[in-house]
Amino acid sequence: MQCSYFDAGVCRSCEFMGQPYEAQLAGKVSTARAVLAEASGADVAEWLPPAASREDGFRNKAKLVVGGTVDAPTLGILDERQRGVDLRECGIHAPGLRAAVPAIAEFIGQARLTPYDVPGRTGELKHALLTEAPSGALMLRFVLRSTESVSRIRKHLPSLRAALPRLEVVSVNLQPEHKAVLEGPEEQLLTEADSIGMRVGGLDLHLRPGGFFQTNTAIAEGMYAQAREWVEEATPASVWDLYCGVGGFALHAAAPGRAVLGVETSEQAVLSARRTAAEAGLADVEFAALDATAFAETAAEHPELVIVNPPRRGLGERLTTWLVASTVRTIVYSSCNVHSLERDLRALPGFVARRVRVFDMFPQTAHSEVMVLLERRGAGL
């Protein structure tokens, strides 16, 4: 893949841009092998073939920093001087996202949304966060410094929705602080619809504003399918999905007679997961809005299998300690950071890595997802 922004030196976010895709994928597998080679049990793992992605148009979300002026806004990133760089034709964004950006830029001028000036600490609109569902439905979130412009957004919203008929969910997020944080804790929904359906594996995972969903829908579907295969092989009667988000792994692990529990701190994500489970008629799948580590440490009973999909920092000492001391037989670990994964595997001496697979969630970059099937030593699958 070639990128004019990268070639011109205005954006270097995709550090592998221009490299042959086969070489990128092979390099990610090589890196994962090297990093995990010293981890407990990883040296005996079976390495499954990597899951490749399409090279371009794979991102289902665009996190656009808004810069420039009201009448000439930029939507993209900030340069080294903290000034806006327009990347509205970014090739890794899905075509539906790229097609929607011009209408959003025009709306910024129509609603007089002053872009936030980082050096001067003035202005209102910080980011435009756009997500596309497999159906083509769009969700747009305006990250603002204050509520000053909310009334104008409401007033002109019908014209934006007329320009973008696929726009189903619009919200305002308030982030008043001057710091490098994408969004704040307060969200105001501006549409009747409160979620878009991220359909994967025959399930509509309902994504609300602020909810987490993997950046690459096709790769996410592959990961859920892989986890389901490993769960079915282990035949557990009970499963926990810790850091479950909107419930992707938990819902795909469901089976008649199998008790599945998803745990996630975000109440909005849990509401979404419960809605999907109800629509799919999955009576044995439940979700709880709790801290994963605290929940595990105080649980009276332990499941046979645990799925973990933690943030980049990994599981941490408390949760790995609990896993070692628990009666859990099998762990399905999905990691977006091979280095924290390696650290956690070292902290799980009671488990051996049976299978490892790299999923290329982020082509053109050094990042990937790594999934590991861990079995308690002596348990036998």
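Further up the page is the structure itself.
Numbers given to residues run from 1 along each chain, matching the order in which its sequence is written. With pLDDT at 70 or above as the cut-off, local features in this predicted model cover only qualifying residues; side-chain atom pairs require 80 or more to be listed or tallied, and sums for whole chains, interfaces and linings still use all residues. Each side-chain value is derived from all of the structure's non-hydrogen atoms; neither hydrogens nor water enter the calculation.

1. Description of the overall build of the chain
For the chain, the helix and strand inventory stands at 10 helices and 17 strands. Only C-alpha atoms enter the radius of gyration; for comparison, a globular chain is expected to reach 2.2 Å times N to the power 0.38, where N is the number of residues. Radius of gyration (C-alpha) of the chain: 22 Å, near the 21 Å computed for a compact globule of 381 residues. Counting only C-alpha atoms and orienting by the principal axes, one finds that the chain spans roughly 65 × 45 × 35 Å. When a residue's accessible area, from a 1.4 Å probe over protein chains only, is under 20% of the maximum for its type it is buried; when over 50% it is exposed; and in between it is partly exposed. Every one of the 381 residues in the chain was classed for burial, and the buried ones make up 56%. Considering only contacts in the chain between residues 6 or more positions apart, those separated by 24 or more positions represent 67%. The protein chains shown are the only cover counted for residues, whose accessible areas, like all others here, come from Shrake-Rupley with a 1.4 Å probe. Within the structure as shown, the chain displays about 16000 Å² of accessible surface, and the carbon and sulfur contribution to it stands at 51%. Side chains of the chain carry 39 positive and 46 negative charges; the gap between the two charge centres is 3 Å. By definition, any uninterrupted DSSP run of H or I lasting at least four residues is a helix, any uninterrupted run of E lasting at least two residues is a strand, and each is numbered from the N terminus. A contact between two residues is defined here by any heavy atoms of the two lying within 4.5 Å. His residues and chain termini do not enter the charge count, which takes Lys and Arg as positive and Asp and Glu as negative. All charge positions are set by atom: Lys at NZ, Arg at CZ, Asp at CG, Glu at CD.

2. Describing the environment of M371
Along the chain, the position of M371 falls in strand β17 (residues 369–376). Under the relative-accessibility criterion, M371 is labelled buried at 0%. Sequence separation of M371 and Q226 is 145 residues, and the distance between their C-alpha atoms is 8.7 Å. With residues up to four places along the chain from it excluded, the contact list for M371 reads M223, Q226, A227, W230, F249, V332, Y333, S334, R355, V356, R357 and F359.

3. With respect to the nonpolar core
Residue types Ala, Val, Leu, Ile, Met, Phe, Trp, Tyr and Cys, when buried and joined through side-chain atoms within 4.5 Å, form a set referred to as a nonpolar core. I196, L205, F213, F287, I307, V332 and M371 are the most contacted members of the largest nonpolar core, which totals 43 residues. Mapped by element, the contributors of at least two residues to this core are β9 (196–200), β10 (203–207), α5 (217–234), α6 (248–252), α7 (267–279), β13 (285–289), β14 (305–308) and β17. Take this core: its biggest share by element is eight residues, from α5. In this structure, F287 is in contact with C244, G247, A250, L251, L261, G262, V270, A273, R274 and A277, ignoring residues within four places of it in sequence. L261, A292, V328 and V356 belong to the second largest nonpolar core, which has 37 residues in total.

4. Let's talk about helix α4 (residues 150–163)
Helix length check: α4, at 14 residues, gives a terminal C-alpha distance of 19 Å against a target of 20 Å (1.5 Å per residue), a fit within 8%. The inward-facing, buried residues of α4 contact α3 (95–110), β6 (138–144), β7 (167–174) and β8 (186–189). To estimate the expected span of a helix, subtract one from its residue number and multiply by 1.5 Å.

5. Side note on the environment of F6
Position of F6 among the secondary structure elements: in helix α1 (residues 4–8). Judged by its relative accessible area of 14%, F6 falls in the buried class. Taking C-alpha positions, F6 is 8.8 Å from G18, a pair spaced 12 residues apart along the chain.

6. Looking at the side chain of H156
Checked against the element boundaries, H156 lands in helix α4. You can call H156 buried: its relative accessible area is 19%.

7. Looking at the sheet that holds β7
Spatially, the seven strands line up as an open sheet ordered β4-β3-β2-β5-β6-β7-β8, and their pairing is mixed. The two strands at the open ends of the sheet, each matched to only one other strand, are β4 (84–86) and β8. Each strand of the sheet is rotated relative to its neighbour by a mean of 40 degrees, with strand direction disregarded. Relative to β7, β6 runs parallel, the two sharing seven bridges. We call two strands paired when DSSP finds no fewer than two bridges between them. Convention adopted: a line fitted to C-alpha atoms gives each axis, helices being fitted over their contacting stretch, and angles between N-to-C directions are expressed from 0 to 180 degrees.

8. Brief notes about the pattern of salt bridges
A side-chain nitrogen of Lys or Arg and a carboxyl oxygen of Asp or Glu constitute a salt bridge if their distance falls within 4 Å. One pass over the structure, following the stated rule, counts 21 salt bridges. Among the ionic pairs, E148 bridges to R152, the shortest N-O distance being 2.8 Å. We classify R152 as partly exposed; its relative accessible area is 23%. For R258, the salt bridge is made with E232, and the minimal N-O distance between the two is 2.8 Å. Residue R258 is found in the loop between α6 and β12 (259–264), and its partner E232 is found in helix α5; the two are separated by 26 residues along the sequence. E232 sits in the partly exposed class, given a relative accessible area of 37%. The structure contains a network of salt bridges with shared partners spanning D194, R208, R275 and E279.

9. Observations concerning the side chain of Q364
Assignment of secondary structure puts Q364 in the loop between β16 (351–359) and β17. Since its relative accessible area comes to 0%, Q364 is described here as buried.

10. Considerations on the packing of aromatic side chains
Pairs were defined over the aromatic rings of Phe, Tyr and Trp, the Trp ring being its six-membered one, requiring ring centres within 6.5 Å. Orientation was assigned from the angle between planes: stacked under 30 degrees, edge-to-face over 60, tilted for the rest. Enumeration according to the criterion identifies four aromatic pairs in this entry. With centroids separated by 4.8 Å and ring planes inclined at 55 degrees, the aromatic side chains of W240 and F295 adopt a geometry described as tilted. Of this pair, W240 sits in strand β11 (residues 238–242) while F295 sits in helix α8 (residues 292–298), and the two are 55 residues apart along the sequence. Across the pair, F295 and W240 agree in class, each one buried. Three or more aromatic residues joined by ring pairs form one cluster here, namely W240, F295 and W322. Placement of a positive charge over a ring is assigned whenever Lys NZ or Arg CZ falls within 6 Å of the ring centre and within 35 degrees of the normal to the ring plane. Of note, R12 hangs over the ring of F6, and the distance from its end group to the ring centre comes to 4.3 Å. Between K126 and the ring centre of Y116, over which it is positioned, the NZ or CZ distance is 4.8 Å.

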